[in-house]
Amino acid sequence: YKVELLVDGDFPSYTFDESVPSVTVDIATLKKVFDVNSSAIANEMLMPCLTGFNVGDNVVTTDGVKMCLNSTSVLPNERALISQDLAELLNGLSGDKVKVQKDGVKLLFTTPNVIVFGPELDGIEDFPDISSVLEIPYDDHVEVKKQALLDTLDRLSLFVDPVDNNGVRLTFK
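Residues numbered from 1 in each chain as written. Predicted model: local features only at pLDDT ≥ 70, side-chain atom pairs only at ≥ 80, totals over all residues. Heavy atoms only, no water.

Asker: Any chance you could explain the nonpolar core here in plain terms?
Answerer: In a soluble, globular protein the nonpolar side chains are often hidden away together inside. Grouped together as the largest cluster of nonpolar side chains are 22 residues, with contacts concentrated most on Val 55, Ile 82, Leu 90, Val 98 and Phe 109. Among the elements that line this core, the one with the most residues is helix α1 (residues 27-37), at four residues. Among residues more than four places away in sequence, those in contact with Ile 82 are Phe 34, Gly 52, Phe 53, Val 55, Ala 87, Leu 107 and Phe 109. With seven residues, the next largest nonpolar core counts Ala 42, Leu 50, Leu 81 and Ile 130 among its residues. (Core = buried A, V, L, I, M, F, W, Y, C linked by side-chain atoms within 4.5 Å. Buried < 20%, exposed > 50% of the residue type's maximum accessible area, 1.4 Å probe, protein only. Helix = DSSP H or I, 4+ residues; strand = E, 2+ residues; numbered from the N terminus. Contact = heavy atoms within 4.5 Å.)

Asker: When you look at the side chain of Asn 70 in this model, what are you seeing that I'm missing?
Answerer: The residue Asn 70 is located in strand β4 (residues 67-70) in this model. For Asn 70, the side chain forms a polar contact with the side chain of Thr 72, separated by 2.8 Å. If near-sequence neighbours (up to four positions away) are discounted, Asn 70 is found in contact with Val 33, Val 36, Asn 37, Asn 58 and Val 59. (Polar contact = N/O pair within 3.5 Å; in protein donor to acceptor, adjacent residues only side chain to side chain.)

Asker: Looking at this structure, I do not really get α1. What am I missing?
Answerer: Every α-helical turn comprises 3.6 residues, leaving residues that sit three or four positions apart pointing alike. Where α1 is concerned, the buried positions are Ile 27, Leu 30, Val 33, Phe 34 and Asn 37. Down the axis of α1, the buried side of the element spans an arc of 120°, and every buried residue falls inside it. Residues of α1 that are exposed and angled more than 90 degrees away from the buried face: Ala 28, Lys 32 and Asp 35. (Arc of directions from axis to C-beta.)

Interpretation in functional terms is not warranted from these geometric data alone.
So this is what it looks like as structure tokens:
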């Protein structure tokens, strides 16, 4: 095998103002946010901004049909659009806490053993504000056991059509 070795000048470097304010986030919480919100992330590049995780005081993902609004705070008083590739890197973090910093469009995640640096995904200004969905009054509510609902949806998955985005309509009486 021939392996190309990097000379000192060839190795990529980054610049980051580490004096910007930081926030400490629980790594398990960060991983859970990416796991939960990935269910509503776009896989197609029709609107590239929808392929990322819109993080801040809450975490929002949508593919244009499905929406996931997660009240977990990752970057208080800030907004950032984290790409799926960067989220995958962050899912590999170990330990308890990670220090998160944002310098312009650059993000730095620091643990005692690992530093992850990456750019913010372009298009955060194009990401739709879907928080108004939470303001819509709903007259009817129903409480169901989560596992029973998941089991039912699992059985129904045999009959859903991928053309309809695997949608299921639930009617309660």
